[in-house]
Each structure stands twice: as C-alpha cells, then as structure tokens.
Amino acid sequence: MQTTDNVVAGDVICFAPLVRNFSRGLVIENHMHPFGQLLYASSGVVSVITRHGNFIIPPYRAMWLPPYCEHEVTMLTDTNITSLLLQNGAELELLDCRVIEMPPLMRALLVETLNFHKNQRNIKREQAILQLLRGEIASAQRVSCTVPMPAGEKLAVLCREIMQDLSKTLSLAQLAEKAASTPKTIARQFQNELGMSYRHWLETIRFNYACAELERGTAAKIVAADLGYTASAFSNMMKRFQQRLQQERIKNTKDTIFADLPPFEWITRPAAEPQQENDRRWLEKARQHTTKV
C-alpha cells in the first residue's frame, strides 16, 4: 500500500499521477489506498476485482475506486494505464466502485494533471482543474461492466484461475475436482453466491472481454479464437448474451506475475490554516488505517 509519510508538513496532499505500460497477464496483487483512485485505460482491457465484483474496464473507460477499497488488477491485454490518486472532495464522498465513461473533457483534465510540477506552482489554476475533474467523475455516466465474484475463498481462487485464460472451458466436474468438491456442490455455490449458473458467469466475463476487444478494433475472428470459440459459436454466444441483457433491461425497468510498481510521487500544495488542520486529521486517519491493515 502507498503511504503518506513523504508529505511535507504544512502542505495539503492533492494527487499522485502515474502512467505505465503493462504486459498482458500482469497482475497487481490485492491492495488498497487511503485515497480515491481513478484508473483509466487509454488502450487495452483491464480486470479489477473488488469485494463488489469483477469489473472489466474497456479502452477509453475508467474506474473509480473509493478510499480503502481493496482491489486486484489484471491486464487482460497489453495495456496503457493512467492512475490518479485523488483526495476526496464532497462530490466524491458517496461514490462506490464503478466503471464510468471518459468524455473528452475528463480525459483532457486528467492529462493536464500529468503536466503539473512540484516546483512550478499555479495554485488557483490547479485547484480549478482538480475541482472540475472531481465534478466530472461524480457526474460521469456509469457503464455496466460488472461480473460478480464469489465470496467463498476456494471458489474465488478457481474463478481467478479461469480469468487468466478465457480460452479454456473447465467443466463443472473439472472445477469440482480442483476444489475437492462435487459438481452439484459447485453448481449450487454459483447459484447461491452469484445468483447465476457457472455457464452464465463464464459467458458474462467472455462477453465483456469481447465487447472491449471489438470496440478497440480487434477482428472478430481473433477475439473468438482468444476465447476458445469457432466463428459461428462466438456469434451465437454474443447474440444470446445480448438478448439476455435486453430481457434483463426490460425486467429491471421497474427499478501469476506481479507488477513491480514504483512509489507514487505525491504532489502537495500549501494551504490556509483551516485546510491544513482538516488535512492533518485526514492524514492521521489514513496512517492509522494503514497501520491496521
């Protein structure tokens, strides 16, 4: 976990931008931050696992992770990620984990934060940009890219293994053998914990991955091969899942290799005494939480 030990006394911690390229299959193991995080994939497809489920982030989308949200990140393709750890404002206090659209204004604001320099301070301009960025995150359109994950540790480990290679289709019998269980027990666990069958869960992951890859311009036959389908079987799966999604929308109208990350370079700015006092309390809470985990 990143800490705040390098924050200069009397300064307010604002944000920590980081841009990295990651190879397919790379995993950033389970961790958390005492700050809100915006993860933006300018290219590639990313999987983020939290206790709320597995989120598939297609290119040109982003994910908002609230403070202290444990998450594991897996690169499903070669990926370019911009990560921004951002001190929460009032606009972001109530936001939960979510994948969001990245309209041109939000992308431009995010890119602009990367041009801020520690020693070249234009406080009013920076504050205006960060305030506008927070507002854009809070009002961004939510994208449905969530795949539920089981709560049971054994089943969760199997699901993560499956996600490492979506071209393989393990039968319930094979899953049961790996979990030292029975096919009926595994099937029941999927229904009880996820509210869906194993096949439905697997197709949900594959569908989200396929949509992301097709959107970035990958040929359908390549996507089909990556997922272990023939061209006709892939077409049938996509049509079947789209029909299922449409039915759900109608029904719901009533309502591995681990990444070696460098430390974040925190950018801090001086502030008035009241804000410094608020920030001291906020930083102390963050350090206490970091010590506990």
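(A) Main features of the side chain of Arg 206. Tracing the sequence through the fold places Arg 206 in helix α6 (residues 198-215). Despite its burial, Arg 206 pairs with no opposite charge; the closest candidate is Glu 203, at 6.7 Å N-O. Polar contacts involving the side chain of Arg 206 include one to the main-chain carbonyl oxygen of Leu 166, which spans 2.8 Å. Excluding its chain neighbours within four sequence positions, the residues that come into contact with Arg 206 are Leu 166, Ser 167, Lys 168, Thr 169, Leu 227, Tyr 229 and Met 237.

(B) Structural detail: unusual backbone geometry. One non-glycine residue, Tyr 68, adopts positive backbone phi at about 65°. Note that Tyr 68 resides in the loop between β6 (61-65) and β7 (71-75). Backbone geometry places Ala 180, a non-glycine residue, at a positive phi of 55°. Summarising the element assignment, Ala 180 is placed in the loop between α4 (172-178) and α5 (183-194). We classify Ala 180 as exposed; its relative accessible area is 70%.

(C) Summary view of the packing of aromatic side chains. Counted under the stated rule, the structure contains three aromatic pairs. Here the aromatic rings of Phe 190 and Trp 201 are separated by 5.9 Å at their centres, their planes lie at 55°, and the arrangement is tilted. A residue pair is termed long-range when its members are at least 10 positions apart, and Phe 190 in helix α5 and Trp 201 in helix α6 qualify at 11 residues. Both residues of the pair, Phe 190 and Trp 201, count as buried.

(D) Spotlight on the pattern of salt bridges. Evaluated as defined, the whole model comprises seven salt bridges. The salt bridge partner of Asp 96 is Arg 98, with a shortest N-O separation of 2.8 Å. Accessibility expressed as a relative area gives 33% for Asp 96, which makes it partly exposed. Relative accessible area serves as the criterion here: at 14%, Arg 98 is assigned to the buried category. Of the charged contacts, one joins Glu 203 and Arg 199 as a salt bridge, the two residues approaching to 3.5 Å between their closest N and O atoms.

(E) The confidence of the model for the protein, seen in detail. Per-residue confidence for the protein gives a mean pLDDT of 75; residues scoring 70 or more make up 74%. Within the protein, strand β12 (residues 257-258) has the poorest average pLDDT of any element, 47, and β6 the best, 89. When the criterion is pLDDT under 50, residues 1-13 qualifies, and its contacts beyond four places in sequence or with other chains add up to 46 contacts.

(F) Structural context of helix α3 (residues 153-164). The terminal C-alpha atoms of α3 lie 17 Å apart, and with 12 residues this matches the ideal 16 Å at 1.5 Å per residue to within 8%. Every buried residue belonging to α3 is among Leu 155, Ala 156, Leu 158, Cys 159, Ile 162 and Met 163, and all of these are buried. The arc enclosing the buried residues of α3, seen along the axis, measures out at 160°, which places them on a common side. Facing away from the buried side of α3 by more than 90 degrees, the exposed set consists of Glu 153 and Lys 154.

(G) Representation of the side chain of Thr 204 in the model. You can see Thr 204 is positioned in helix α6. For Thr 204, the side chain forms a polar contact with the main-chain oxygen of His 200, separated by 2.7 Å.

What counts, and at which threshold
All chains use their own residue numbering, which begins from 1 and follows the written sequence. Side-chain atom pairs in this predicted model are given and counted only at pLDDT of 80 or more, local residue features only at pLDDT of at least 70, and totals for whole chains, interfaces and linings cover all residues. Heavy atoms throughout the structure, all of them, feed into the side-chain values; hydrogens and water do not. Runs of H or I in DSSP of at least four residues are treated as helices and runs of E of at least two as strands, each being numbered from the N terminus. We call a residue buried when its accessible area falls under 20% of the maximum for its residue type, exposed when it is over 50%, and partly exposed in between, using a 1.4 Å probe and counting protein chains only. His residues and chain termini do not enter the charge count, which takes Lys and Arg as positive and Asp and Glu as negative. Salt bridge, as used here, is a side-chain nitrogen of Lys or Arg placed within 4 Å of a carboxyl oxygen of Asp or Glu. A 3.5 Å cut-off defines polar contacts: any pair of N or O atoms within that distance qualifies, except that in protein one atom must be a possible hydrogen donor and the other a possible acceptor, and neighbouring residues in sequence count only when both atoms are side-chain atoms. Contacts: residue pairs with any heavy atoms within 4.5 Å of one another. When the centres of two rings from Phe, Tyr and Trp lie within 6.5 Å, Trp using its six-membered ring, the rings pair. Their planes under 30 degrees apart give stacked, over 60 give edge-to-face, and anything left gives tilted. Confidence scores per residue from the predictor, reported as pLDDT, run from 0 to 100. A helix is expected to span 1.5 Å multiplied by its residue count minus one. Each C-beta atom gives one direction from the helix axis, and the arc is the one those directions make.

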